[in-house]
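Reading the structure
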Amino acid sequence: MLKKIPSKGRAQSRCSDLIGVDFASTATKVVRLKQNKGTMTLSGLDLLPAVDFSAEPEKLQLPRNLSPNYGCLAYTGKRAVVRMINTQLAEGTGGLPKERIQELLNVTDEFRVSAKLIKRNSGRQDSSFLAAAIPDEDAAYLLKLFPSGPPAPASLEVSGLSFVSAFLHARGAECADSTVCIMETGENMSHFAFLTNGLVTLVGKLSVGANILREKVAEDLGLDNELAESILSDASINVSSTVVGVLAPFIKQISISKDFIERHQGQKISRIYLSGGLSLLPSWGIEVGKLLGTQVAYWSPLENIEYDSASIPSDMIKQATRFSAAIGAAIGGIEA
């Protein structure tokens, strides 16, 4: 996927043993992947405390089994930008200068930017790029979590893009000849992407997550947040009206994008794939499917990845969807 705002210009060699680290709002999610003769293997998986970006950075303490030479980082920043950009591309060139990317993303030179060519067109037709911008101060903070010793940061990207790499590794073959929407929903924010024949055609970010839904259930039923979370997880309790009330304004944004893609591509969205913490709630997928009028499917970032079930706790495997961004970051590094 998008590559990736590397550290200080040092060329990175191809790695077959990496950790992916997703700095999310509720936890720091860490995975270790190895590739040998084309086979991807999970050799470590852990949930660590969340990093407080308002505090002084301290070295990230990783278990020994999660400390290879290099790591690929992902995070969900409020000021981070992910967007498709379209512009003319001169013949013989494969990329855009930093200044042009900043202009198209409407960010200042205080942001690190990167753009990947998705579709090249000739003449006066615009070419399409998948682009991202991360504030310099966020990038500097994350690098300070790895001041010395392994793992050294090899790359940094936005979680809302890294999960796409995980999806393509898991289900890319399944949707190679169709148009689909993938949606990753976390604690405070969600990202979505539309893929046509395996290529990204549109990306977006939504200010909706588990926290908003939990607070709404607590408000409607007069409960505390802990009990509200238990009710959301209980399939026997109908909270569909609350879910719809929270979802509707945000799903409308996806619906507009869905209509645009269907007209532009000339084909229906065949399926919506859900991942992230909210996809673990029984009512979430049902209501998303109803509101968008499209079949919903679930997927695991551990599909097409081998692992020893005896060495990975079963409760972690059940929550594998929460590790989509971390796994995608590591896959992106290995496949770079």
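Regarding its fold elements, the protein chain presents nine helices and 14 strands. Against the 2.2 N^0.38 benchmark of 20 Å for 336 residues, the protein chain shows a C-alpha radius of gyration of 20 Å, consistent with a compact globule. Seen through its principal axes, the protein chain has C-alpha atoms that stretch 60 × 50 × 40 Å. Taking all 336 residues of the protein chain together, the buried fraction comes to 52%. Look at the contacts in the protein chain between residues 6 or more apart in sequence, and 67% of them connect residues 24 or more apart. One finds the centroid of the 34 positive side-chain charges in the protein chain at a distance of 6 Å from the centroid of its 35 negative side-chain charges.

Okay, the sheet that holds strand β6 (residues 111-119) next. Strand order in the open sheet formed by three strands is β5-β7-β6, with antiparallel pairing between adjacent strands. Each having just a single partner strand, β5 (81-87) and β6 make up the two edges of the open sheet. This sheet shows a mean twist of 25 degrees between the axes of neighbouring strands, independent of strand direction. Examined bridge by bridge, β6 and strand β7 (residues 127-135) share eight bridges and lie antiparallel to one another. In the sheet register, Ala 115 faces β7, and the bridge partner there is Ala 131. Packed on one face of the sheet, helix α2 (residues 136-144) meets β6 and β7 and runs near 65 degrees to β7.

With respect to the helices, strands and loops of the structure, Arg 214 is situated in helix α4 (residues 210-221). Among the residues examined, Arg 214 registers a relative accessible area of 12% and is labelled buried. Ignoring anything within four residues of it in the chain, the contact list for Arg 214 reads Glu 187, Asn 225, Ala 228, Glu 229 and Leu 232.

Okay, helix α5 (residues 225-233) next. Among all positions in α5, only Ala 228, Ile 231 and Leu 232 are buried. The arc that holds every buried residue of α5, seen down its axis, measures 100 degrees, which confines them to one face. Against the buried residues of α5 lie α4 and α7 (282-292). With a side-chain oxygen positioned 2.8 Å from the backbone nitrogen of Leu 227, the residue opening α5 is Asp 224.

It is worth spelling out unusual backbone geometry at this point. Going from Pro 150 to Pro 151, the amide bond is cis rather than trans, its omega being -5 degrees. With respect to the element layout, Pro 151 can be found in the loop between α2 and β8 (152-158). One non-glycine residue, Lys 37, lies in the positive phi region at around 55 degrees. Position of Lys 37 relative to the elements: it lies in the loop between β2 (28-36) and β3 (39-48). Note on Lys 37: relative accessible area 82%, which makes it exposed.

Right, let's get into α4. In this model α4 runs 17 Å from its N-terminal to its C-terminal C-alpha over 12 residues, within 8% of the 16 Å that 1.5 Å per residue would give. Along α4, the residues classified as buried are Ala 210, Asn 211, Leu 213, Arg 214, Val 217 and Ala 218. Buried residues of α4, seen end-on, are gathered within an arc of 165 degrees and therefore sit on one face of the element. Directly beyond the C-terminal end of α4, a positive phi value near 70 degrees is found at Gly 222.

With respect to the helices and strands, the residue Pro 301 is situated in the loop between β13 (296-298) and β14 (306-307). Sequence separation between Pro 301 and Ala 132 is 169 residues, and the spatial gap between their C-alpha atoms is 22 Å. Setting aside chain neighbours within four positions, we find Pro 301 in contact with Ala 166, Ala 320, Thr 321, Phe 323, Ser 324 and Ile 327.

The subject of this paragraph is the pairing of β2. As judged from the seven bridges shared by strand β1 (residues 17-23) and β2, these two strands associate in the antiparallel manner. Bridged to Val 21 within β2 is Val 30. The hairpin turn running from β1 into β2, its antiparallel successor, is four residues long. Pairing of β2 with β3 involves nine bridges; the strand directions are antiparallel. From the neighbouring strand, Asn 36 faces β3, where its bridge partner is Thr 39.

About the criteria used
- Residues numbered from 1 in each chain as written.
- Predicted model: local features only at pLDDT ≥ 70, side-chain atom pairs only at ≥ 80, totals over all residues.
- Heavy atoms only, no water.
- Helix = DSSP H or I, 4+ residues; strand = E, 2+ residues; numbered from the N terminus.
- Rg over C-alpha atoms; globule rule 2.2 N^0.38 Å.
- Buried < 20%, exposed > 50% of the residue type's maximum accessible area, 1.4 Å probe, protein only.
- Contact = heavy atoms within 4.5 Å.
- Lys, Arg positive; Asp, Glu negative; His and termini not counted.
- Charge placed at Lys NZ, Arg CZ, Asp CG, Glu CD.
- Pairing = 2+ DSSP bridges.
- Axes fitted to C-alpha atoms, helices over the stretch in contact; angles between N-to-C directions.
- Arc of directions from axis to C-beta.
- Polar contact = N/O pair within 3.5 Å; in protein donor to acceptor, adjacent residues only side chain to side chain.
- Expected span 1.5 Å × (residues − 1).

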